[in-house]
Amino acid sequence: MILRILLFPVLLLLVGCDTKSDDPITADESLLLGKWKHTQSYISSGGPQYWVDQENGKIFEFFETGIFSSDMFAECSIGDFSIEEHQLILKYNCPDFASETENDDGFITYTLEFYSNYFILIPTSGPVCIEGCSFKYEKQN
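The numbers attached to residues start from 1 for each chain and follow its sequence in the written order. Local features in this predicted model are restricted to residues of pLDDT 70 or higher, and side-chain atom pairs are both shown and tallied only at a pLDDT of 80 or more, whereas totals for entire chains, interfaces and linings draw on every residue. Only hydrogens and water are removed before side-chain values are computed, so all heavy atoms of the structure are retained for them.

Enquirer: An account of the nonpolar core is needed here, citing residue identities and associated values.
Expert: The definition of a nonpolar core used throughout is a set of buried Ala, Val, Leu, Ile, Met, Phe, Trp, Tyr and Cys residues joined through side-chain atoms within 4.5 Å. Whether a residue is buried, partly exposed or exposed follows from its accessible area with a 1.4 Å probe, protein chains only, as a fraction of its type maximum: under 20%, in between, or over 50%, in that order. Counting 21 residues, the largest nonpolar core has Phe 62, Leu 88, Leu 90 and Phe 119 as the members making the most contacts within it. For this core, the secondary-structure elements that each account for two or more residues are strand E3 (59–62), strand E5 (78–84), strand E6 (87–92), strand E7 (108–114) and strand E8 (118–123). Note on definitions: a residue-residue contact is assigned when non-hydrogen atoms from the two residues lie within 4.5 Å. Those residues in contact with Phe 62 that sit more than four places away from it in its chain are Leu 32, Leu 33, Gly 34, Trp 36, Ile 67, Phe 68, Phe 81, Leu 88, Leu 90 and Phe 119. Working definition: helices are DSSP H or I runs of at least four residues, strands are E runs of at least two. Numbering for both runs from the N terminus.

Enquirer: Tell me what's going on with the confidence of the model for the protein, and back it up with residues and numbers.
Expert: You can read pLDDT as the predictor saying how much it trusts each residue, on a scale of 0 to 100. In this model, the protein carries a mean pLDDT of 86, and residues with pLDDT of at least 70 account for 85%. Under a pLDDT of 50 for its full length, residues 3–20 has, in the predicted model, zero contacts with residues more than four places off or in other chains.

Enquirer: Help me get a handle on the environment of Cys 94, residues and values and all.
Expert: Along the polypeptide, Cys 94 turns up in the loop between E6 and E7. Taking C-alpha positions, Cys 94 is 7.8 Å from Gly 79, a pair spaced 15 residues apart along the chain. If we ignore the near neighbours within four places in the chain, the residues touching Cys 94 are Glu 75, Cys 76 and Ser 77.

Enquirer: With reference to specific residues and values, describe the pairing of strand E2 (residues 50–53).
Expert: What makes two strands pair is DSSP finding at least two bridges between them. The pairing of strand E1 (residues 34–43) with E2 spans four bridges and is classified as antiparallel. Note on E2: the bridge partner recorded for Ser 41 is Val 52.

Enquirer: Give a detailed account of the state of the cysteines, specifying residues and quantitative values.
Expert: Count a disulfide wherever a pair of cysteine sulfur atoms falls within 2.5 Å. Applying the stated rule across the entire model yields two disulfides. Two residues share a disulfide in this structure: Cys 76 and Cys 94, whose sulfurs sit 2.0 Å from each other. The sign of the 80° torsion about the S-S bond sets the Cys 76-Cys 94 disulfide as right-handed. Here Cys 94 lies in the loop between E6 and E7 and Cys 76 lies in the loop between strand E4 (67–70) and E5, a separation of 18 residues in the sequence. The class for Cys 76 is buried, based on a relative accessible area of 1%. For Cys 129, the disulfide goes to Cys 133, at an S-S distance of 2.0 Å.

Enquirer: Residues and numbers for the pattern of salt bridges, please.
Expert: Any carboxyl oxygen of Asp or Glu within 4 Å of a side-chain nitrogen of Lys or Arg constitutes a salt bridge here. In this structure the tally under the stated criterion is one salt bridge. Ionic pairing is found between Glu 138 and Lys 136, a salt bridge with its closest N-O pair at 3.8 Å. Judged by relative accessible area, Lys 136 falls into the buried class, the value being 15%.

Enquirer: Describe a negative patch on the surface, with residues and values.
Expert: Only residues whose relative accessible area exceeds 30% and that form no salt bridge are eligible for patches; like-charged ones are grouped when within 9 Å, while nonpolar side chains (Val, Leu, Ile, Met, Phe, Trp, Tyr) are grouped when within 5 Å. Calculation of accessible area relied on Shrake-Rupley with a 1.4 Å probe; when residues are assessed, cover is drawn exclusively from the protein chains displayed. As used throughout, the charge tally considers Lys and Arg to be positive and Asp and Glu to be negative, leaving His and the chain termini uncounted. To locate a charge, the coordinates of NZ of Lys, CZ of Arg, CG of Asp or CD of Glu are taken. A contiguous patch of negative charge, built from Asp 28, Glu 29, Glu 84 and Glu 85, is present on the exposed surface. By secondary structure assignment, the location of Glu 85 is in the loop between E5 and E6. Note on Glu 85: relative accessible area 79%, which makes it exposed.

Enquirer: Explain the packing of aromatic side chains to me, and be specific about the residues and the numbers.
Expert: Classification of ring pairs uses Phe, Tyr and Trp, with its six-membered ring standing for Trp, and accepts pairs whose centres are within 6.5 Å; under 30 degrees between planes counts as stacked, over 60 as edge-to-face, and the remaining range as tilted. The tally for this structure, following the rule as stated, stands at 15 aromatic pairs. With centroids separated by 5.4 Å and ring planes inclined at 50°, the aromatic side chains of Phe 60 and Tyr 137 adopt a geometry described as tilted. Of this pair, Phe 60 sits in strand E3 while Tyr 137 sits in strand E9 (residues 134–140); the two residues are 77 residues apart in sequence, bridging distant segments of the chain. Just as Phe 60 is buried, Tyr 137 falls in that class too. Ring-pair connections join several aromatic residues into one group, and the members of that group are Trp 36, Phe 60, Phe 62, Phe 68, Phe 73, Phe 81, Tyr 92, Phe 97, Phe 114, Phe 119 and Tyr 137. By the criterion adopted, a ring carries a charge over it if an Arg CZ or a Lys NZ lies within 6 Å of its centre and within 35 degrees of its normal. We note Lys 91 situated over the ring of Phe 107; from NZ or CZ to the ring centre the distance is 5.7 Å. For the cation-ring pair, Lys 136 lies above Tyr 118, with the distance from its terminal atom to the ring centre recorded as 4.3 Å.

In structure tokens:
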């Protein structure tokens, strides 16, 4: 009888706990595979940062071959991608393509925070937001 009384609260705790957490996941290239849409931006207008919905968000699509496509730039839409130490590294593969967001080596880089069904990119190359900014991308079917 006492065992039943003690076991009941423990079972309630186990059933009541949410096993789906929104903790960051260590990402590798395989987790990025598929199509992702920019849905929100974390911005500041001089004060505290806040999320705003992104209308007509840009699309990234990542392939098993290490290639990505994107509608980010009209001049170039394809390139190579990799992940190194929580950083997404993009190299657009179009002759004469240059962007102010590239670093000195020609890569566009972001800190990558990956979650179960979305990821957040924080620019680390080119001009970065003084107040800080980040971009949320959600998985598309």
